[in-house]
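# Examining the three-dimensional arrangement
Here is how the chains run, residue by residue.
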2 protein chains.
Amino acid sequence: MNSARHEGSQIQPVLRRLSAFRHLSECGTAALDKAIRERVLRAGTGQDLICEGDIPDRVRFILSGWLARYKTLEDGRRQIVNFVLPGDACDTMIYLLSEMDHSIGTLTPVVYSELERPQFEQLMASDKTLAEALWCESLAGNAIRREWAVNMGRRVALERVAHLLCEIIERLRPVGLVDGNSCAFPITQMDLADATGLSAVHLNRTLQELRAAGLIVLRERVLTVNDLDALKTAALFNPNYLHYVH
Amino acid sequence: MNSARHEGSQIQPVLRRLSAFRHLSECGTAALDKAIRERVLRAGTGQDLICEGDIPDRVRFILSGWLARYKTLEDGRRQIVNFVLPGDACDTMIYLLSEMDHSIGTLTPVVYSELERPQFEQLMASDKTLAEALWCESLAGNAIRREWAVNMGRRVALERVAHLLCEIIERLRPVGLVDGNSCAFPITQMDLADATGLSAVHLNRTLQELRAAGLIVLRERVLTVNDLDALKTAALFNPNYLHYVH
DNA sequence: CAGATTTGCTGATCTACCTTAGCCGAACCG
DNA sequence: CGGTTCGGCTAAGGTAGATCAGCAAATCTG
């Protein structure tokens with residue numbers, strides 16, 4: 001178990017992410033900080049935080065690590081419907097529903113904070129800027145899902161994968177996880193395939209196509225994009241759906 | 001212009017839809033009824049209520065007719081990311097975002113009610129059951145988008161179309177628009193193709209396959225499904241994501 | 001450390017779905 | 001009234017991406 005001081009340093013991603021939507025008041029920042037430190041937990045790779053059919057009763061904030069929201073068909077086909085990245089709030093308000101319609105599992109080791117419903121509602125009530133930022137975060141998650149529908153329905157494999165990579169970079173950037181042209185990229189090709197609706201084989205070939213075109217360097221779990229504009233053009237990427245204000 | 005008495009009769013779908021999530025108090029019902037009657041509008045087929053890039057500043061309730069949320073790529077490829085059906089609330093809270101990331105257009109003639117942000121916030125504050133029902137409606141919309149990701153990513157054409165038809169039927173039923181085994185089905189095959197990520201040609205063939213299998217009858221804008229369970233089985237359809245409580 | 005598993009990668013084959021092109025009947029329109 | 005558009009439908013041919021099978025390196029595990 002780490003000290004509170006150490007865990008505290010990991011709250012930054014959440015503050016940075018919410019600040020992308022609204023300037024947070026000092027009061028809001030303090031309330032959030034306090035609430036998050038209350039209960040910090042860890043999970044290893046490949047664990048489910050919550051499963052389809054479970055009763056949702058808490059809200060989570062991701063401090064580090066990557067997760068996926070996913071659904072599985074009876075015959076095993078899996079579709080990742082969203083990545084959950086550091087700084088993301090996870091399931092704002094979902095406790096209003098009586099049952100989860102999807103699962104949330106870790107793709108890497110994860111550190112996260114858990115709030116019970118009363119704590120979370122108290123947090124929302126504590127500060128207007130914070131509440132609005134949380135609402136925006138939730139609405140932006142919605143917008144991401146819409147863009148994914150476009151991605152899977154109307155983009156070909158190369159555009160599709162390029163688009164996903166652009167999105168991940170632009171989501172990691174405001175939380176400070178992009179260093180120059182590179183970011184840690186800790187997930188497997190299988191995960192990428194399940195997120196893009198492609199087979200693992202075809203995803204692998206598409207990555208190689210992107211590499212051959214000089215658009216990406218992806219090796220040893222690090223993604224480097226030297227010409228992001230070129231990648232965005234190849235992806236028909238328009239960042240408006242991320243809804244960052246500043 | 002129709003009389004208020006006549007328009008009033010069209011509020012039913014909204015009440016019925018929200019009642020699927022929470023039992024509405026009399027007070028909430030009355031407030032909603034009053035707010036909706038305030039400003040009832042009409043639009044013909046093929047009109048956009050709001051476009052990508054517009055500033056969202058109002059909330060809408062659909063009283064009759066079908067609409068689509070959609071996005072268009074630069075080169076014209078279109079993807080419908082959601083159908084908006086009678087009774088649906090349209091863009092709860094979206095005024096918190098500064099810009100629309102998608103468009104909403106009519107697929108049929110539509111009757112709808114428009115509320116400015118202050119009116120809507122007043123409505124939300126007026127009654128707890130109503131507010132919760134509206135939140136649930138919004139969360140359920142989210143869940144539908146997740147299921148669509150699965151649909152486009154992991155289901156083959158026949159399953160995909162079958163799944164969409166099941167969803168539409170199960171969404172129309174609680175608002176009273178399913179009559180026995182049939183419902184009005186006023187949209188074109190092109191619309192269905194854009195919603196499923198298929199080409200119009202292939203969608204047409206898939207419909208014929210469904211007809212040949214005896215799973216659906218679709219003609220003259222009426223959809224009849226004599227054995228809904230069979231269609232659901234073919235679609236790997238699980239209604240849990242619609243989140244109806246009763 | 002050896003064995004088992006996972007991950008990235010490749011080749012060959014197959015097929016689901018796309019594209020292009022065009023027909024037909026119904027509705028609409030000047 | 002004849003032209004035009006729209007929606008449903010069909011045929012032919014091409015291709016993007018799936019499936020199956022297998023290999024090598026890295027990683028995990030006992």
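Residues numbered from 1 in each chain as written. Chains lettered and ligands numbered in written order. Predicted model: local features only at pLDDT ≥ 70, side-chain atom pairs only at ≥ 80, totals over all residues. Heavy atoms only, no water.

### Quick word on the protein's contact with DNA strand D
Applied cut-off: Being near a molecule or strand, for a residue, means having at least one of its heavy atoms within 4 Å of it. Distance and chemistry together define a polar contact, namely a pair of N or O atoms within 3.5 Å, with one atom able to donate a hydrogen and the other to accept it when in protein, and with adjacent residues in sequence counting only for side-chain atoms on both sides. Numbering of helices and strands runs from the N terminus, with a helix taken as a DSSP run of H or I at least four residues long and a strand as a DSSP run of E at least two residues long. Note on residue categories: nonpolar means Ala, Val, Leu, Ile, Met, Phe, Trp, Tyr, Cys or Pro, charged means Asp, Glu, Lys or Arg, and polar means any other residue, Gly included.
Near DNA strand D, the surroundings consist of 16 residues, among which Ser199 of chain A together with Gln189, Arg205, Gln208 and Arg211 of chain B are the closest. A share of 69% of the atoms of DNA strand D within 4 Å of the protein falls on sugar and phosphate groups. Between DNA strand D and Gln208 of chain B there is a distance of 2.4 Å, counted from a phosphate oxygen to a side-chain nitrogen or oxygen. Contact between DNA strand D and Arg221 of chain B: a sugar or linking oxygen at 3.3 Å from a side-chain N or O atom of the residue. Of all the secondary structure elements, the ones that give two or more residues to the surface near DNA strand D are helix H8 (200-212) of chain A together with helix H8 (200-212) of chain B. No other element matches the five residues that H8 of chain B contributes to the surface near DNA strand D. Split into classes, the residues belonging to the surface near DNA strand D amount to five nonpolar, seven polar and four charged.

### Regarding the nonpolar core
How we decide: The term nonpolar core refers to a set of buried residues drawn from Ala, Val, Leu, Ile, Met, Phe, Trp, Tyr and Cys, joined through side-chain atoms within 4.5 Å. Burial here depends on accessible area, computed with a 1.4 Å probe over protein chains only, as a share of the maximum for the residue type. Under 20% is buried, over 50% is exposed, and the range in between is partly exposed. Contact between two residues is taken to exist if any of their heavy atoms lie within 4.5 Å; hydrogens are not considered.
Counting 86 residues, the largest nonpolar core has Leu32 and Phe61 of chain A together with Leu32 and Phe61 of chain B as its most contacted members. Apart from residues lying up to four places away in sequence, Phe61 of chain A is in contact with Val14, Leu32, Ile36, Asp88, Ala89, Val111, Tyr112, Ser113, Leu115, Phe120 and Leu134 of chain A.

### A few points about the environment of Asp227 of chain A
All names here are of chain A. In this structure, Asp227 sits in the loop between strand E12 (222-224) and helix H9 (228-235). Exposure remark for Asp227: the relative accessible area of 41% places this residue in the partly exposed category. Separated by 13 residues in the primary sequence, Asp227 and Gly214 have C-alpha atoms spaced 8.7 Å apart.

### Here's the deal with the protein's contact with DNA strand C
Inspection of the region around DNA strand C gives 15 residues, with Gln189, Arg205, Gln208 and Arg211 of chain A together with His202 of chain B positioned closest. In the interface set of DNA strand C, defined as its atoms within 4 Å of the protein, sugar plus phosphate atoms amount to 68%. Here Ala157 of chain B contributes a backbone N or O atom positioned 3.0 Å from a phosphate oxygen of DNA strand C. A distance of 3.0 Å separates a phosphate oxygen of DNA strand C from a polar atom in the side chain of Ser199 of chain B. If you list the elements that add at least two residues to the surface near DNA strand C, you get H8 of chain A together with H8 of chain B.

### A look at the confidence of the model for chain A
The test is simple: Residue-level confidence of the predictor, termed pLDDT, takes values from 0 up to 100.
Here chain A averages 94 in pLDDT, and 96% of its residues register 70 or above. Confidence drops under a pLDDT of 50 for residues 1-8 of chain A, and excluding neighbours within four residues, the segment shows eight contacts in the predicted structure.

### A look at the relation of the copies chain A and chain B
Short version of the rule: Overlaid copies result from least-squares superposition on C-alpha atoms, with residues included only where pLDDT is at least 70 in both.
Structural alignment of chain A on chain B gives an RMSD of 0.0 Å, achieved by rotating through 180° and translating 0.0 Å along the axis. Viewed as a symmetry operation, the transformation between the two copies matches a two-fold axis. A symmetric contact is evident, with 100% of the interface residues of chain A recurring at the interface of chain B.

### Describing the sheet that holds strand E4 (residues 67-72) of chain A
All names here are of chain A. For the record, the criterion: DSSP-based pairing: two strands are paired if at least 2 bridges between them are found. Here an axis means a line fitted to C-alpha atoms, over the contact stretch when the element is a helix, while the angle between two N-to-C directions is reported on a 0 to 180 degree scale.
Taking strand neighbours across the sheet as the criterion, the four strands line up as E2-E7-E4-E5 in an open arrangement whose pairing is antiparallel. Each end of this open sheet is capped by a strand with a single partner; those strands are strand E2 (48-50) and strand E5 (78-84). Strand-to-strand twist across the sheet, computed as the mean angle between neighbouring axes with direction ignored, equals 35°. Across six bridges, E4 lies against E5 in antiparallel orientation. Its bridge partner being in E5, Lys71 is matched across the sheet by Gln79. Across the sheet, helix H5 (residues 128-154) is in contact with E4 and E5; its angle to E5 comes to roughly 140°.

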